[in-house]
Amino acid sequence: MGKTIAEKILSVHAGRNLSAGDFAICKVDFTFGQDGTSSIIIDRIKELKPTALGTKFCMVIDHSAPSPNEGVSRVHKKMRDFAGEFKLKLFDIGCGVCHQVIPESGEILPGDLVLGADSHTCTYGALGAFATGVGSTDLAIALATGKNWFNVPETIKIVVSGKVPKGVFAKDIILHIIGQIKADGATYKAVEFSGTAINKLDMDGRFTICNMVVEMGAKCAFMPQDEKTIKWLKAHRVKRRIKPVTPDKGANYENTLKFDISHLSPQVSIPHSVDNVSSVDQLKKIKINEAFLGTCTNARIADFKIAAKILKSKRVASGLRFIIAPASRGIYLEALKLGIVDTFIKAGAVIVAPGCGPCVGTHNGVPADGEVVISTANRNFKGRMGNPNAFIYLASPATVAASAIRGFIADPREFL
């Protein structure tokens, strides 16, 4: 019987033939932690007392960068000290979000097995890696031994076809899919994306879609590894041979789901659940207090380009805060070079340091009680941005930019 991508990658890393449902100990290629999870990783490693780390490991200071308080500063110092002790790569403040700077570093290739102490590690499936988030203690075990245990997931095949309509972007596609599958519809499954609409997506769009599969419960996701993938990898200094991983023709899928997006409208996720999704044109004029363009989902150059196109020669609505956080220093520099940052600032937006920004609610834009935020983030649970009494709507960069101009949730198609 043919194999899915997940079955192939885990078989290679276990050194034996595996199928969905099997349990196996697998060699791990790459691991990482961020400033919200690395403190526990460091504590567990010190308890385990390995003579050397069993696999590649790096840390990223991105969730609270620069530090907003004394307690976080202690965590950052702990990370810096540990990185110095073990001679580890540390992406310090201003480098950007882990799920952007790590792929940019050239460390992730198709077929790799990656564990991250962050739930959106599934983002790296855009490069054909089996990448999944784990808890800090599990990550420490992988660091100490170079291995971890896996239950080989069943795979859902998602085929997305049709011409992408005006005003619709990768974020709209994945929000629509999550709205249909629901938050628990792919729990512990691998997801393989294919279809004409997926093939036409740029790499930024593919990262966006893979980033959000965890919001429907998925363990990991995979995009086609084509010329676009290889070009992106070569542009980011990969040092190993690129070997795409494809599913066998006779691969066994738990389910195959088909989506024709030819008539899809811009989508919005309504508080307080990501799978509570509606078309923007079905929403009444919902007044907003804050707009946020950023996060590991939508803070890449393609996202900034479309937002800048909409904001060009326009102003952010009076009384509204528009906060923008680039996903990496490289993206920030490119946005400066292209004049995008100039457009944002002239429109009345505020640019914060590359990193997670207000997404997790530690700093840089915590909303007040009763305030409404429209964000390009991946989650809108109560308290996600630091205040359980605020309301978070999720949308594409185009919809967020249009809404920032109008002062209420707006349809981006009127600006395109």
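Notes on the structure follow. (Residues numbered from 1 in each chain as written. Predicted model: local features only at pLDDT ≥ 70, side-chain atom pairs only at ≥ 80, totals over all residues. Heavy atoms only, no water.)

Here we take up the side chain of Thr229. Assignment of secondary structure puts Thr229 in helix H9 (residues 227-235). Using a relative accessible area of 1% as the deciding quantity, one classes Thr229 as buried. Here Thr229 is in contact with Ala126, Leu127, Met203, Arg206 and Pro224, once residues within four sequence places are set aside. (Helix = DSSP H or I, 4+ residues; strand = E, 2+ residues; numbered from the N terminus. Buried < 20%, exposed > 50% of the residue type's maximum accessible area, 1.4 Å probe, protein only. Contact = heavy atoms within 4.5 Å.)

It is worth spelling out the layout of surface pockets at this point. In this structure, the largest pocket encloses a volume near 520 Å³. Surrounding the largest pocket, 23 residues form its lining, Gln100, Glu104, Trp232, His236 and Ile331 being those nearest its centre. Broken down by secondary-structure element, the contributors of at least two residues to the lining of the largest pocket are strand S4 (89-91), helix H4 (98-104), helix H8 (203-211), H9 and helix H11 (329-337). The residue makeup of the lining of the largest pocket, split by class, is nine nonpolar, five polar and nine charged. (1 Å grid on protein atoms, 1.4 Å probe; cavity = no way out; pocket = protein on both sides within 12 Å on 5 of 7 lines; lining within 4 Å. Points joined across faces, edges and corners; volume = space filled by probe spheres on them. Nonpolar A, V, L, I, M, F, W, Y, C, P; charged D, E, K, R; others polar.)

Here we take up the sheet that holds strand S2 (residues 30-34). Picture the strands of a sheet paired through backbone hydrogen bonds; they go either parallel or antiparallel. Pairing is parallel in the open sheet, where five strands are placed in the order S4-S3-S2-S5-S6. Each edge of the open sheet carries a strand with a single partner, namely S4 and strand S6 (130-133). For this sheet, the mean angle separating the axes of adjacent strands, direction not counted, is 20 degrees. Of the pairings in the sheet, the one linking strand S3 (residues 56-60) to S4 comprises three bridges and is parallel in character. When the bridges of S4 are listed, Cys58 appears paired with Lys89. Across the face of the sheet, helix H3 (residues 70-86) comes into contact with S2, S3 and S4 while running at roughly 150 degrees to S3. (Pairing = 2+ DSSP bridges. Axes fitted to C-alpha atoms, helices over the stretch in contact; angles between N-to-C directions.)

We now examine the packing of aromatic side chains. By the definition in use, this model includes seven aromatic pairs. Taking the centre distance of 6.2 Å and the plane angle of 85 degrees together, the rings of Phe130 and Phe150 count as edge-to-face. Within this pair, whereas Phe130 is found in strand S6, its partner Phe150 is found in strand S7 (residues 147-151), the two being separated by 20 residues in sequence. In terms of burial, Phe130 and Phe150 fall into one category: buried. Aromatic rings pair up to connect Phe130, Phe150 and Phe222 into one cluster. A cation over an aromatic ring shows up here: Lys89 above the ring of Phe91, its NZ or CZ 4.9 Å from the ring centre. (Phe/Tyr/Trp six-rings, centres within 6.5 Å; stacked < 30°, edge-to-face > 60°. Lys NZ or Arg CZ within 6 Å of the ring centre and 35° of its normal.)

The next point concerns the sheet that holds strand S9 (residues 190-194). Pairing is parallel across the open sheet formed by four strands, whose spatial order is S10-S9-S8-S11. Two strands lie at the open edges of the sheet, namely strand S10 (220-222) and strand S11 (255-260), each paired on one side alone. Strand after strand, the sheet turns through a mean of 20 degrees between neighbouring axes, direction not considered. Strand direction decides the pairing type here: strand S8 (residues 155-161) and S11, joined by six bridges, are parallel.

Turning next to the pairing of S9. Burial analysis of S9 places four of its five residues in the buried class, which makes it a mostly covered element. Pairing geometry for S8 and S9, over five bridges, is parallel. Within the sheet, the bridge partner assigned to Lys157 lies in S9 and is Glu192. For the crossover from S8 across helix H6 (residues 170-181) to S9, the handedness is right-handed. The sheet contact formed by S9 and S10 spans three bridges and is parallel. What sits directly across from Ala190, in S10, is Cys220. (Right-handed = clockwise from strand over helix to strand, strands pointing away.)

Without other data, these values stay purely geometric and don't point to any function.
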